[in-house]
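In case you want the letters, here they are:
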Amino acid sequence: MTRRKLAGGLVLITGLIAAAATLAASRQAGTASAQRASAEQAQPAGSYTWRASPDWFGGFSGLELSADGSQMVVLSDRAHLVRADIHRQNGEIASVSLHSAQHLRSSKGRRLLGRIMDSEGLALAPDGSLFISFEGLSRVVHHQTEASRARVLPRPNDFRGLPLNKSLEALAIDPQGRLYTLPEKVLNADGEIPVWRWNGASWSQPFALPRRGGFLPVGADFGPDGRFYLLERNFVFIGFRSRLRRWDITDQGAKNEVTLMESSTGVHDNLEGLSVWRDPTGTLRATMVSDDNFKAIQRTELVEYTLPN
């Protein structure tokens with residue numbers, strides 16, 4: 001073999017070794033990137049179809065779980081507030097036991113009926129009292145208990161111009177006791193989702209959230225980590241898609257947006273209510289409930305995902 005051929009062969013072998021090393025490094029980097037992406041995503045932790053016989057059962061759009069995930073308060077869009085126990089096996093929901101159901105009353109003590117009945121968002125205050133948002137006649141009310149009369153919070157002009165059935169869909173309360181509400185299908189002049197905040201005396205609009213794709217806000221909560229979580233929904237002819245995003249709420253607004261979950265069409269039903277809590281292992285969990293629209297082709301579903309810290 002000539003020296004020239006030998007040198008050429010060595011160059012070829014060296015090149016192949018270098019290419020193989022580059023490919024291996026690329027695969028390792030891709031695997032590491034995929035692992036990091038997976039660590040930043042919510043992971044399915046169970047789904048339970050909830051069935052009950054009362055006529056009022058269904059249409060659930062608001063949800064709050066106890067700190068340990070063993071009890072829940074759910075709100076229907078026909079102004080029923082329901083309390084129930086959650087029974088688990090190996091961490092997953094195995095059954096639900098109803099405790100009570102109360103039809104909410106107006107500030108005058110009357111049963112809510114008609115367009116003022118469309119209750120959507122639910123937030124529990126530290127003292128156990130309840131705040132509820134409505135998308136019919138746009139307003140937020142306070143109930144000391146579910147059996148008490150409503151106290152209607154002042155309605156700013158922004159609320160009065162919101163469209164029927166597309167307004168105050170989501171409601172959440174932060175660690176400081178401030179309320180946050182946002183509409184389902186109203187954008188500001190910049191094409192973003194406006195967020196209103198109640199500080200106990202007045203409403204303000206401290207920030208807006210970016211709208212991404214065809215998803216619309218349907219539920220919100222502050223987790224035990226102090227971060228703001230937003231449940232969104234997209235509907236196409238063959239079914240629903242769900243998405244969960246979260247932010248850090250700072251004096252400068254909502255920061256560090258992360259998309260935790262985005263489901264394929266039809267994986268879940270019409271998820272609308274959201275509660276974020278921490279299970280006995282210290283893992284963050286998002287529990288969501290679906291609004292079956294009182295239709296036989298839909299179902300009341302409790303869906304859970306574990307969340308990255």
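My aim in this report is to walk through the structure given alongside it, one point at a time. All values reported here derive from a predicted model rather than from experimental measurement.

Helix and strand content of the protein chain: 2 helices and 20 strands. Here the protein chain holds 309 residues, and the buried ones make up 47% of them. Residue pairs in contact within the protein chain that sit at least 24 positions apart in sequence constitute 48% of those at least 6 positions apart. Carbon and sulfur atoms make up 51% of the accessible area of the protein chain, which totals about 15100 Å².

Here we come to the packing of aromatic side chains. Applying the stated criterion to the full structure yields 13 aromatic pairs. Ring centres of Tyr180 and Phe228 lie 6.4 Å apart, and the angle between their planes is 45°; this geometry places the pair in the tilted category. Here the residue Tyr180 occupies a position in strand E11 (residues 179-183), and Phe228 occupies one in strand E15 (residues 228-236), the gap between them amounting to 48 residues. Comparing Tyr180 with Phe228, the two get one shared label, buried. One aromatic cluster is present, formed by Tyr180, Phe207, Phe222, Phe228 and Trp247 through successive ring pairs. One Lys or Arg, Arg139, reaches over the ring of Phe134 and ends 3.7 Å from the middle of that ring.

Taking relative accessible area as the criterion, Tyr180 reaches 0% and is therefore assigned buried. Remark: the alpha-carbon pair of Tyr180 and Asn199, spanning 19 residues in sequence, is separated by 9.2 Å. The residues touching Tyr180, leaving out its near neighbours within four places in the chain, are Ala170, Leu171, Ala172, Asp174, Val195, Trp196, Arg197, Phe207, Phe222 and Ile249. Here Asp174 takes part through its side chain, which lies 3.0 Å from a polar atom of the side chain of Tyr180. Polar side-chain contacts of Tyr180 include one of 3.1 Å to the side chain of Arg197.

Time to look at the sheet that holds strand E14 (residues 216-222). Read across the open sheet, the 4 strands follow the order E14-E15-E16-E17; overall the sheet is antiparallel. At either margin of the open sheet sits one strand with a lone partner, and together these are E14 and strand E17 (253-262). Direction aside, the axes of adjacent strands within the sheet are offset by 25° on average. Pairing between E15 and strand E16 (residues 239-250): 9 bridges, direction antiparallel. Note that in E16 the partner of Asn234 across the bridge is Arg241.

What follows is about the sheet that holds strand E6 (residues 119-124). Strands sit in the order E6-E7-E8-E9 across an open sheet of 4 strands; the sheet is antiparallel. The two strands at the open ends of the sheet, each matched to only one other strand, are E6 and strand E9 (151-152). Here strand E7 (residues 130-134) runs beside strand E8 (residues 139-143); their pairing, made up of 5 bridges, is antiparallel. Each residue of the ladder has a partner; that of Ser133, found in E8, is Val140.

With that out of the way, let us pick up the environment of Pro210. Its place among the elements puts Pro210 in the loop between strand E13 (203-209) and E14. Setting aside its immediate chain neighbours within four residues, Pro210 contacts Glu192, Ile193, Arg245, Trp247 and Glu257.

All right, on to the nonpolar core then. Counting 17 residues, the largest nonpolar core has Trp50, Phe60, Met72, Val74, Val96 and Leu302 as the members making the most contacts within it. Mapped onto this core, the elements with two or more residues apiece are strand E2 (60-65), strand E3 (71-76), strand E4 (80-89) and strand E5 (92-103). Other than its neighbours up to four places away in sequence, Val74 contacts Trp50, Phe60, Gly62, Leu63, His80, Leu81 and Val82. Counting 16 residues, the second-largest nonpolar core is a separate cluster that includes Met261, Leu271, Leu284 and Met288.

Inspection of every chain in the model, using the stated rule, returns 16 salt bridges. A salt bridge links Glu257 to Arg245, with the nearest nitrogen and oxygen atoms 2.9 Å apart. Placement of Glu257 in strand E17 and of Arg245 in strand E16 is noted, with a sequence separation of 12 residues between them. The class of Arg245 is buried, set by a relative accessible area of 0%. Ionic contacts of the salt-bridge type, sharing partners, join the residues Arg212, Glu232, Arg243, Arg245 and Glu257 into one network.

A positive phi angle, close to 65°, is found at Ala79, a residue other than glycine. One can find Ala79 in the loop between E3 and E4. Its relative accessible area of 0% is what places Ala79 among the buried residues. The phi dihedral of Phe294 falls on the positive side, at around 55°, and the residue is not glycine.

As a further point, take a nonpolar patch on the surface. Together, Val236, Phe237 and Ile238 make up a nonpolar patch on the protein surface, roughly 390 Å² of accessible area in all. Along the chain, Ile238 turns up in the loop between E15 and E16.

Rules of the game
Residues numbered from 1 in each chain as written. Predicted model: local features only at pLDDT ≥ 70, side-chain atom pairs only at ≥ 80, totals over all residues. Heavy atoms only, no water. Helix = DSSP H or I, 4+ residues; strand = E, 2+ residues; numbered from the N terminus. Buried < 20%, exposed > 50% of the residue type's maximum accessible area, 1.4 Å probe, protein only. Contact = heavy atoms within 4.5 Å. Areas by Shrake-Rupley, 256 points an atom, 1.4 Å probe, with all protein chains shown as cover. Phe/Tyr/Trp six-rings, centres within 6.5 Å; stacked < 30°, edge-to-face > 60°. Lys NZ or Arg CZ within 6 Å of the ring centre and 35° of its normal. Polar contact = N/O pair within 3.5 Å; in protein donor to acceptor, adjacent residues only side chain to side chain. Pairing = 2+ DSSP bridges. Axes fitted to C-alpha atoms, helices over the stretch in contact; angles between N-to-C directions. Core = buried A, V, L, I, M, F, W, Y, C linked by side-chain atoms within 4.5 Å. Salt bridge = Lys/Arg side-chain N within 4 Å of Asp/Glu carboxyl O. Patch = residues over 30% accessible without salt bridge, like charges linked within 9 Å, V, L, I, M, F, W, Y side chains within 5 Å.

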